[in-house]
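# Remarks on the overall topology
Below are the chains, spelled out letter by letter.
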Amino acid sequence: MATTYRTCPVSGLQFEDQAEKLMRWNAVAGVLWLLVGGITALLVILTRWPAIKLLPADQFYLILTAHGIDMLILWILFFEMAVLYFASSTLLRCRLATPKIAWLGFWLMVVGGIMANVAIFQGESSVMFTSYVPMQAAPHFYLGIILVAVGALLGVAVFFGTLVVAKKDKTYQGSLPLVTFGALTAAIIATFTILAGAGILLPTFLWSVGLIKEIDAQLYRMVWWGLGHSSQQINVAAHVSVWYLTAAVIFGAKPLSEKVSRFAFLLYILFLQLASAHHLLSDPGMSAEWKVLNTSYFMYFAVMASMIHGFTVPGAIEAAQRRKGYTNGLFEWLRKAPWGNPVFSGMFISLVSFGFLGGISGVVLGTEQINMLMHNTFYVPGHFHTTVVTGTTLAFMSITYLLVPVLFRREMILPKLCQIQPYLFGISMSVLGLVMMGAGTLGVSRRHWDMAFSGAPFQYEWPGAAYLMMGLTGIFGVIAVIGGGLWILLVVGSLLFGKKLDGGKVSDRPTPIPGNTQAASAVAHGSDHVPVPGTVVLALLLFVCFVLYYFVNWKYLSEVWLLS
Amino acid sequence: MSAILPPSDRLWWKQPIDKVEWAWIAIAFVWGMIMFAMMIYWHVYGKQNLSNEAYKTTPEMFAAKAEKFIAENTVRTETDQNIPVVKVPAGGDGYLIARLWAWYPILELEKGQTYKIHLSSMDYNHGFSLQPVNINIQVIPGYEHVVKMTPTKEGTYAIVCNEYCGIGHHSMLGRIYVK
Ligand code: HEM
Ligand SMILES: [Cu+2]
Ligand SMILES: [Cu+2]
């Protein structure tokens, strides 16, 4: 099929026509879902804020179901499709394999997403995005999600196909770029995740239309989390790739070691599937041996992988900055970083918040016995708003500041507001995550409409500190919604009203990535090794926080009732 | 040259790994193993481990056992709904039913005694969340989970349901007395 290739004059990136259109449509669809998700977020937060308690119970559960689906599944997945096409067709400078199938995937996802939302807003499907059986939603709720999954699977297949095209057309030499490699990991995890999803959602759909009589409630939880957990690993692999991408674009940073970074991505694939167990730690149907083995021994390799990326990403930035001459003291490289550039500031806040808050809380939450202190409390959404929101969502938001000029050929409007948006959103969301975890530590439940238990035969008064935490949740939640809304406004505003930029030269053949010059490979042979003491200090700080917080929780555990 | 280009060194896997990176990988690995060992250590020496004892059951079977337990051990009733308060024999078995939207019955325990509390659900998933102790256990229909508990302090405790179970979820509050 005839197609054209455009070389962006700003970035030098080369966009194939079909891939470019698909990236744009997927990104825009993602942003629209984020808008719906953001409105639901505001309603959720204003209801959980005890002083306001906006919605009645039925509407709260309906809206919370929509929030989970629209944010976690739709916003993230659509954006990830754009990332996959970017990492394959754009970075490898080749045409997209079978664009027709990619479009089919896109429209399936759109139809599925709308279908699931219709089911939710009709009111018969307030089952939360986890839809634990035997609570039942309307059939088109499950069908919608299945269509989204099938659409995503097609997108993933096109990604794989595109890698083959690049290889065949020899548009690059040697190995895949690291960012593409990271996206490849995400795509591989996505493949078996979606298959696990099919394994559980198809029977559940059949059950909802009456063709299957019963689904075991424990089995459902086990297979569902095969989907639910590993899909989070797709997100991690994707946002880590975006971190590397940002470091490369802003600083020209190269990985400290290709081998280490790639190995760490590989660990995600090898050990992730097993981590679904950490959602079942307080369940009856599994043995302690199974829980310990699956969550820990194996999962800790995935943790190790994240710790490695948490070191190599800032390390690569530090090395690049030091090469440029910012060598004073431990942190001149960081102080002199472009903090006014939202692409960088967003990425760095994402890195820090994901590491210090999301990462540490996740491992503690995923410790077999400690899980009993937090299972199903507000701690859990607190934790994942510092992974999938300050981690993934913020990384995606910040890379968009780059994509708008490069991909959509528009200048960002209101640059001053663009500068503050990552801080506003990133910091308020991090604090939100913290106070949610605080409330959870005091026992407050997630997915719970009324802390006063109206209509219950008894009374229970939460400690005052729990109310304080929930009040702070309300305040920082509203600020976070403003920060997120500002991003949507800036992006949509720029797409509509931003200054049009020159698209650059269009040609009907791709220009391959030039091969290495002798000089470049000489440099690569370690002769330019730069020590990264600042990163070492940051990493050790993370480690100390990690160890302290981990053992504090064992201490808490040792103080509760005895259980055996 | 950078993460968005193919590695400039085509033999990137032969490049030596820097000492600092090795050290960090080693720290991460050892820490992972410590965390792994910690869970096993706690199974051997710790006093808070979630029981492994669980059986497949049905709502009818579990309700029958619970009703028998309630009939034999009720000491009084409370609230205008006449919810039975059931004294669990010291060291014996107690039954707690989770259903839309109540924890049934009220249990009475003694400090320092160990009880086998049987948990199951009659309908959807529920969440046993003992407050203010903050112990949280998933309760799943079709499974009877036998949890050994030893209260360490006297008082009146609440059981909050912390797994979403429908429109009355927030009113699903139960009670345990510890004497
Ligand atoms: C913009 C600001 C946001 C605010 C203020 C917010 C607030 C909240 C709150 C308070 C809850 C817990 C409700 C409860 O358990 O009672 C929640 C749940 C959740 N949020 Fe957000 N959120 C925001 C953005 C996001 C984003 C960007 C994502 C995903 C990428 C996300 C994914 C989720 C998910 C998956 C749940 C769990 C829903 C469930 O329990 O079924 N949120 N959110
Ligand atoms: Cu319940
Ligand atoms: Cu409930």
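Here the structure is a predicted model, which is why all the values come from computation and not from measurement.

Conventions and cut-offs
- Residues numbered from 1 in each chain as written.
- Chains lettered and ligands numbered in written order.
- Predicted model: local features only at pLDDT ≥ 70, side-chain atom pairs only at ≥ 80, totals over all residues.
- Heavy atoms only, no water.
- Helix = DSSP H or I, 4+ residues; strand = E, 2+ residues; numbered from the N terminus.
- Rg over C-alpha atoms; globule rule 2.2 N^0.38 Å.
- Buried < 20%, exposed > 50% of the residue type's maximum accessible area, 1.4 Å probe, protein only.
- Contact = heavy atoms within 4.5 Å.
- UniProt positions renumbered as here; feature names shortened; annotations may be inferred.
- Near = heavy atom within 4 Å.
- Polar contact = N/O pair within 3.5 Å; in protein donor to acceptor, adjacent residues only side chain to side chain.
- Nonpolar A, V, L, I, M, F, W, Y, C, P; charged D, E, K, R; others polar.
- Donors = N, O, S within 2.8 Å, 3.2 Å for Na, K, Ca; no water.
- Tetrahedral: all angles 85-135°; square planar, octahedral: opposite > 155°, others 65-115°.
- Disulfide = S-S within 2.5 Å.
- Bend = angle between axes of the 7 residues up to and from the residue.
- Axes fitted to C-alpha atoms, helices over the stretch in contact; angles between N-to-C directions.
- Parallel < 35°, antiparallel > 145°, perpendicular 65-115°, else oblique.
- Pairing = 2+ DSSP bridges.
- Salt bridge = Lys/Arg side-chain N within 4 Å of Asp/Glu carboxyl O.

### Here's the deal with the overall build of chain B
Scanning chain B from N- to C-terminus turns up 2 helices and 12 strands. For chain B, the C-alpha radius of gyration of 24 Å lies well beyond 16 Å, the compact-globule estimate for 179 residues. With the C-alpha coordinates of chain B rotated into their principal frame, the extents come out at 80 × 40 × 30 Å. Within chain B, buried positions represent 58% of all 179 residues.

### A closer look at the side chain of E318 of chain A
Residues and elements named next belong to chain A. Relative to the elements of secondary structure, E318 occurs in helix α9 (residues 299–323). For E318, a relative accessible area of 0% puts it in the buried group. Beyond its immediate chain neighbours, meaning those up to four positions away, E318 contacts L330, W333, P531, V532, P533, G534 and T535.

### Quick notes on the UniProt feature "domain: Cytochrome oxidase subunit II copper A binding" (unreviewed entry) in chain B
The UniProt feature table records "domain: Cytochrome oxidase subunit II copper A binding" (unreviewed entry) at residues 89–179 of chain B. A helix fraction of 0% and a strand fraction of 58% characterise residues 89–179 of chain B, whose end C-alpha atoms lie 13 Å from each other.

### Side note on the site of ligand 1
Residue and element names in this part refer to chain A. Taken together, 28 residues sit near ligand 1, with R48, H67, H385, R446 and R447 positioned nearest. Contact between ligand 1 and R48: an oxygen atom at 2.8 Å from a side-chain N or O atom of the residue. Within the side chain of H67, one N or O atom sits 2.8 Å away from a nitrogen atom of ligand 1. No other element matches helix α2 (residues 57–92), which puts 8 residues into the shell around ligand 1. The residue inventory of the shell around ligand 1, partitioned by class, reads 19 nonpolar, 6 polar and 3 charged.

### Details of the coordination of the copper ion (ligand 3)
Residue and element names in this part refer to chain B. The copper ion (ligand 3) binds to the protein through C161 (SG), E163 (O), C165 (SG) and H169 (ND1); the donor distances cover 1.9 to 2.4 Å. Around the copper ion (ligand 3), the 4 donor atoms sit at angles spanning 90 to 123°, and that spread fits a shape best called tetrahedral. Donor residues binding the copper ion (ligand 3) come from one chain and are separated in sequence as C-x1-E-x1-C-x3-H. A separation of 2.5 Å is found between the copper ion (ligand 3) and the copper ion (ligand 2), both of which receive a donor from C161.

### Looking at the UniProt feature "transmembrane region" (unreviewed entry) in chain B
Under the UniProt annotation, the feature "transmembrane region" (unreviewed entry) is placed at residues 22–42 of chain B. Each end of residues 22–42 of chain B is marked by a C-alpha atom, and these two atoms are 30 Å apart; helix forms 100% of the span and strand 0%.

### A short note on the state of the cysteines
In protein structure, a disulfide is the covalent linkage between the sulfur atoms of two cysteines. Residue and element names in this part refer to chain A. One pass over the full model with this rule turns up 0 disulfides over all chains. Unpaired in this structure, C8 has its nearest cysteine sulfur neighbour in C418, at a distance of 17 Å. The buried category is assigned to C8, whose relative accessible area is 3%.

### Thoughts on helix α11 (residues 342–365) of chain A
Residue and element names in this part refer to chain A. By the largest-angle criterion, F354 marks the main kink of α11, which is about 40°. Most of α11 sits out of view: 20 of its 24 residues are buried. Here α11 starts with a cap whose side-chain oxygen sits 3.0 Å from the backbone nitrogen of V343, and that cap is N341.

### As for the packing of helix α5 (residues 178–208) of chain A against helix α7 (residues 258–271) of chain A
Residue and element names in this part refer to chain A. Between α5 and α7, whose axes approach to 9 Å, the crossing angle comes to 10°. In terms of orientation, α5 and α7 fall into the roughly parallel class. Side by side, α5 and α7 meet where L178, F181, G182, T185, I188, I189 and F192 of the first sit next to E258, S261, R262, F265, L266, Y268 and I269 of the second. Split into classes, the residues belonging to the contact of α5 with α7 amount to 9 nonpolar, 3 polar and 2 charged.

### Concerning the coordination of the copper ion (ligand 2)
Residues and elements named next belong to chain B. Protein-derived ligands of the copper ion (ligand 2) are H126 (ND1), C161 (SG), C165 (SG) and M172 (SD), with the metal-ligand distances lying across 1.9 to 2.4 Å. For the copper ion (ligand 2), the 4 donor atoms in the first shell make angles of 98 to 128° at the metal, a pattern classed as tetrahedral. On the primary sequence, the residues serving as donors to the copper ion (ligand 2) are separated as H-x34-C-x3-C-x6-M.

### Examining the sheet that holds strand β1 (residues 5–7) of chain A
Residue and element names in this part refer to chain A. Reading across the sheet, the 3 strands line up as β2-β1-β3 and stay open at both edges, with antiparallel pairing between neighbours. This sheet does not close on itself; its edge strands, each paired only once, are β2 (14–16) and β3 (506–507). Two strands pair when backbone bridges link them, and β1 and β2 are joined in this way by 3 bridges, in the antiparallel orientation. Of the residues in β2, the one forming a bridge with Y5 is E16. Of the strands in this sheet, β1 and β2 touch helix α1 (residues 17–48), which is tilted by about 90° from β2.

### Things to note about the pattern of salt bridges
Working definition: two side chains of opposite charge can pair if their charged atoms are close together. Considering all chains together, one arrives at 20 salt bridges over all chains under this definition. For R76 of chain B, the salt bridge identified is with E78 of chain B, shortest N-O distance 3.3 Å. We classify R76 of chain B as partly exposed; its relative accessible area is 32%. In this structure, E108 of chain B engages R76 of chain B in a salt bridge whose closest nitrogen and oxygen atoms are separated by 3.1 Å. With E108 of chain B in strand β6 (residues 106–109) and R76 of chain B in strand β2 (residues 74–78), this pair connects stretches of sequence that are 32 residues apart. The class for E108 of chain B is buried, based on a relative accessible area of 6%. Overlapping salt bridges bring together R6, E20, R24 and R409 of chain A as one network.

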